[in-house]
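Residues per chain, in single letters:
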Amino acid sequence: MRIILLGAPGSGKGTQAKRLMKDREIPQISTGDMLRAAVASGTEFGQKAKAIMDAGQLVSDDIMIGIIRERIAEPDAENGFILDGFPRTSQQASDLEALLAELDKPLDAAVLLDVDFSVLMKRLTGRRTCSLTGKLLNVYFSPQEELDAVTEAGGELIQREDDNEDTISSRLDVYREQTEPVIEFYRERDALKTVQAEGSVDEVYERLLAALD
Ligand code: AMP
């Protein structure tokens, strides 16, 4: 299965992709995670990417399609993949279409996780990652026992650097201007499925599976 998860920052793409990855045994390819790994490695590219990410802007299309081309050639993506955070512009979508045609690996679907904009800010400002397990939590929505369990185990709740209010509002503007047209790209190709993505993680996951069947 080769799918794309589309949706605004905070719509739950990463959370849902991780579940689907376990169930279907195909990798989650998160361009945000790949860029954060580049930032952490401290390379020159990583430093440039950090400045762009901190400003809530997008890394250039040429670089991103190059990263994706290399990643989907890895052996673990042979039987499929879940793209999370890519494509984010119409140019990336058409580059991806050309790449998958060249590789003879057509997409099965592009799934839009649809969340009202008013919900996104709370999801993003509250988002934390457990330093021990990588589990995603939210200080507003996760059960208090789960949040306490992290600190009791000696871990920390880490907040992403770009999850502050200023950067979030730039990211949401960029989403509206540059990424929303990608939804139309897949709608026009009759490849778009929309999942109502408010509610619990389990509820959204059930809807996602139903949309993929
Ligand atoms: P994410 O974790 O998907 O929210 O991505 C975090 C940041 O990484 C974004 O705000 C962008 O600066 C950058 N980024 C991730 N994916 C892409 C992409 N496909 N194209 C351009 N920039 C990206």
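Cut-offs used in this document
Residues numbered from 1 in each chain as written. Predicted model: local features only at pLDDT ≥ 70, side-chain atom pairs only at ≥ 80, totals over all residues. Heavy atoms only, no water. Helix = DSSP H or I, 4+ residues; strand = E, 2+ residues; numbered from the N terminus. Buried < 20%, exposed > 50% of the residue type's maximum accessible area, 1.4 Å probe, protein only. Contact = heavy atoms within 4.5 Å. Areas by Shrake-Rupley, 256 points an atom, 1.4 Å probe, with all protein chains shown as cover. Lys, Arg positive; Asp, Glu negative; His and termini not counted. Charge placed at Lys NZ, Arg CZ, Asp CG, Glu CD. Arc of directions from axis to C-beta. Core = buried A, V, L, I, M, F, W, Y, C linked by side-chain atoms within 4.5 Å. Near = heavy atom within 4 Å. Polar contact = N/O pair within 3.5 Å; in protein donor to acceptor, adjacent residues only side chain to side chain. Nonpolar A, V, L, I, M, F, W, Y, C, P; charged D, E, K, R; others polar.

A. Summary view of the overall build of the protein chain. Regarding its fold elements, the protein chain presents 9 helices and 8 strands. Split into buried and exposed, the 213 residues of the protein chain put 44% on the buried side. Here the analysis covers contacts within the protein chain between residues at least 6 apart in sequence; of these, 71% occur between residues at least 24 apart. Looking at the protein chain as shown, the accessible area adds up to about 11,000 Å², and 48% of this sits on carbon and sulfur atoms. Each charge class in the protein chain was averaged separately, 25 positive and 40 negative side chains, and the resulting centres sit 1 Å apart.

B. The arrangement of helix α3 (residues 44–54) in detail. For α3, the set of buried residues is Gly-46, Ala-49 and Met-53. The arc that holds every buried residue of α3, seen down its axis, measures 65 degrees, which confines them to one face. Opposite the buried face of α3, at more than 90 degrees from it, the exposed residues are Glu-44, Gln-47 and Lys-48. Where the residues of α3 are buried, they touch α2 (31–41) and α8 (165–188).

C. Layout of the nonpolar core. Ranked by internal contacts, the top residues of the largest apolar core, which has 51 residues, are Leu-6, Leu-20, Ile-68, Leu-83, Leu-96 and Tyr-186. Other than its neighbours up to four places away in sequence, Leu-6 contacts Lys-13, Pro-87, Ala-110, Val-111, Leu-112, Leu-113, Val-182, Ile-183, Tyr-186 and Leu-192.

D. Summary view of the side chain of Gln-92. Among the secondary structure elements, Gln-92 is positioned in helix α5 (residues 90–103). According to the relative accessible area criterion, Gln-92 is buried, its value standing at 2%. Once residues lying within four places of it in the same chain are set aside, the contact partners of Gln-92 are Val-59, Asp-61, Met-64, Phe-86 and Pro-87.

E. Spotlight on the site of the ligand. Close to the ligand lie 16 residues; Thr-31, Arg-36, Gln-57, Gly-85 and Gln-92 are nearest. Here a nitrogen atom of the ligand sits 2.8 Å away from a polar atom, N or O, in the side chain of Thr-31. Separating an oxygen atom of the ligand from a side-chain N or O atom of Arg-160 is a distance of 3.2 Å. In the complex, 96% of the free accessible area of the ligand, which totals 480 Å², lies under the protein chains. Take the shell around the ligand: its biggest share by element is 4 residues, from α2. Residues belonging to the shell around the ligand are distributed by class as follows: 6 nonpolar, 5 polar and 5 charged.

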